[in-house]
Amino acid sequence: MTTIPYAARPIAPRALRELRTTDDAGRRTDGFTDTEGGSPLRCCLRRSEPGEHIALVSYAPLRRWAAETDATPGAYDEVGPVFIHAEPCTGPAEEALPFTGARRTVRRYSAHGHILGGRLVEEADAFQEALTEAFDDPAVALIHVRAVEYGCYLYEVRRAFEEGD
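Residues numbered from 1 in each chain as written. Predicted model: local features only at pLDDT ≥ 70, side-chain atom pairs only at ≥ 80, totals over all residues. Heavy atoms only, no water.

**Notes on the overall build of the protein**
How we decide: In DSSP terms, a helix is any run of H or I states spanning at least four residues, a strand is any run of E spanning at least two, and both are numbered starting from the N terminus. A radius of gyration in this sense is built from C-alpha atoms; the matching globule rule multiplies 2.2 Å by the number of residues raised to 0.38. Between buried and exposed lies partly exposed: a residue is buried under 20% and exposed over 50% of the maximum accessible area for its type, with that area taken using a 1.4 Å probe on protein chains only. To be clear on the numbers: accessible area is Shrake-Rupley with a 1.4 Å probe, and residue cover counts the displayed protein chains and nothing else. When charges are counted, Lys and Arg are positive and Asp and Glu negative, with His and the chain ends excluded. Where a charge lies is defined by one atom per residue type: Lys uses NZ, Arg uses CZ, Asp uses CG and Glu uses CD.
From N to C terminus, the protein includes three helices and ten strands. Going from N to C terminus, the protein has its helices and strands arranged as β-α-β-β-β-β-α-β-β-β-α-β-β. Against the compact-globule benchmark of 15 Å for 165 residues, the protein has a radius of gyration of 15 Å, which places it among compact chains. In terms of overall dimensions, the protein has a C-alpha envelope of 40 × 35 × 30 Å along the principal axes. For the protein, buried positions account for 48% of its 165 residues. Surface summary for the protein: the accessible area is close to 8,500 Å², and the carbon and sulfur share equals 49%. Positive and negative side-chain charges in the protein, numbering 19 and 27 respectively, have mean positions lying 4 Å apart.

See below:
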């Protein structure tokens, strides 16, 4: 994990409640026991442990953000797979950015929900620079951190003044 002045935002509690019943692709959510562990959980921003009850669901992060902000992402609205605990959990235990030990994409979005660009981050100590660079652009409203190998959404980052809302 990398500690920087920006906070990773897990999937919001309301969205998690909904996703634990029906995912954003309209499918019923079925949990399973993770026998191996290591799945990146978007509810508590850590890797699963063997024996935990988790679910793999379709999630539309930009769509849910747009519903809060009246943005219109249009074609940029994506639905993709994420792991969550199948039952409520306590959320993140740390404030550090998780999942920084591999190559990641820092994808920038405007207030309308349109992609403004992105940056490949290959080293954990480059996250602060990548997020600062992104938020130095006043047109950037939020950031998605995504896995490079599959493009999966990992978490959202917003400007510091928005972290409390």
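More follows now that the structure is in view.
**Side note on the side chain of Asp 23**
Threshold: Contacts described as polar in this section are N or O atom pairs within 3.5 Å, which, within protein, must combine one atom able to donate a hydrogen with one able to accept it, while residues neighboring in sequence count only if both atoms come from side chains. Note on contacts: a residue pair is in contact if any heavy atoms of the two residues lie within 4.5 Å.
With respect to the helices and strands, the residue Asp 23 is situated in the loop between α1 (13-19) and β2 (31-33). When its relative accessible area of 6% is taken as the criterion, Asp 23 is described as buried. There is a polar contact of 3.0 Å between the side chain of Asp 23 and the backbone nitrogen of Ser 58. In this structure, Asp 23 is in contact with Thr 29, Val 57 and Ser 58, ignoring residues within four places of it in sequence.

**Comments concerning the sheet that holds strand β9 (residues 142-147)**
Rules: At least two bridges found by DSSP between two strands are what make those strands a pair. Axis lines are fitted through C-alpha atoms, for helices just across the contact stretch, and the angle between N-to-C directions can take any value from 0 to 180 degrees.
Pairing in this open sheet of five strands is antiparallel, and the strands run β1-β10-β9-β7-β8 from one edge to the other. Looking along the sheet, the strands with just one partner apiece sit at the ends: β1 (8-9) and β8 (115-121). Pairing of strand β7 (residues 104-109) with β9, which is carried by six bridges, proceeds in the antiparallel orientation. Paired with Arg 104 across the strands is Ala 147, a residue of β9. On top of the sheet, helix α3 (residues 127-135) reaches β7, β8, β9 and β10 (153-158); it is set at about 15° to β7, its chief contact.

**Some points on the pattern of salt bridges**
For clarity, the threshold we go by: For salt bridges, the criterion is a side-chain nitrogen of Lys or Arg within 4 Å of an Asp or Glu carboxyl oxygen.
Applying the stated criterion across every chain, the model contains 17 salt bridges. For Asp 23, the salt bridge goes to Arg 27, with nearest N and O atoms at 3.6 Å. On the basis of relative accessible area, Arg 27 is assigned to the partly exposed category, the value being 46%. Among the salt bridges present, the one from Arg 146 reaches Glu 78, with a minimum N-O distance of 3.4 Å. Of the two residues, Arg 146 sits in strand β9 while Glu 78 sits in the loop between α2 (61-69) and β6 (80-85), which places them 68 residues apart along the sequence. Residue Arg 146 is classed as buried on the basis of its relative accessible area of 6%. Each member of the salt-bridge network shares a partner with another, and the members are Arg 9, Glu 68, Glu 156 and Arg 158.

**Side note on α3**
Rules: This arc is taken over the directions from the axis of the helix to the C-beta atoms.
Those residues of α3 that fall on the buried side of the exposure criterion are Phe 127, Ala 130, Leu 131, Ala 134 and Phe 135. With its buried residues spanning 120° around the axis, α3 presents them on a single face. Next to the buried residues of α3 lie β7, β8, β9 and β10.

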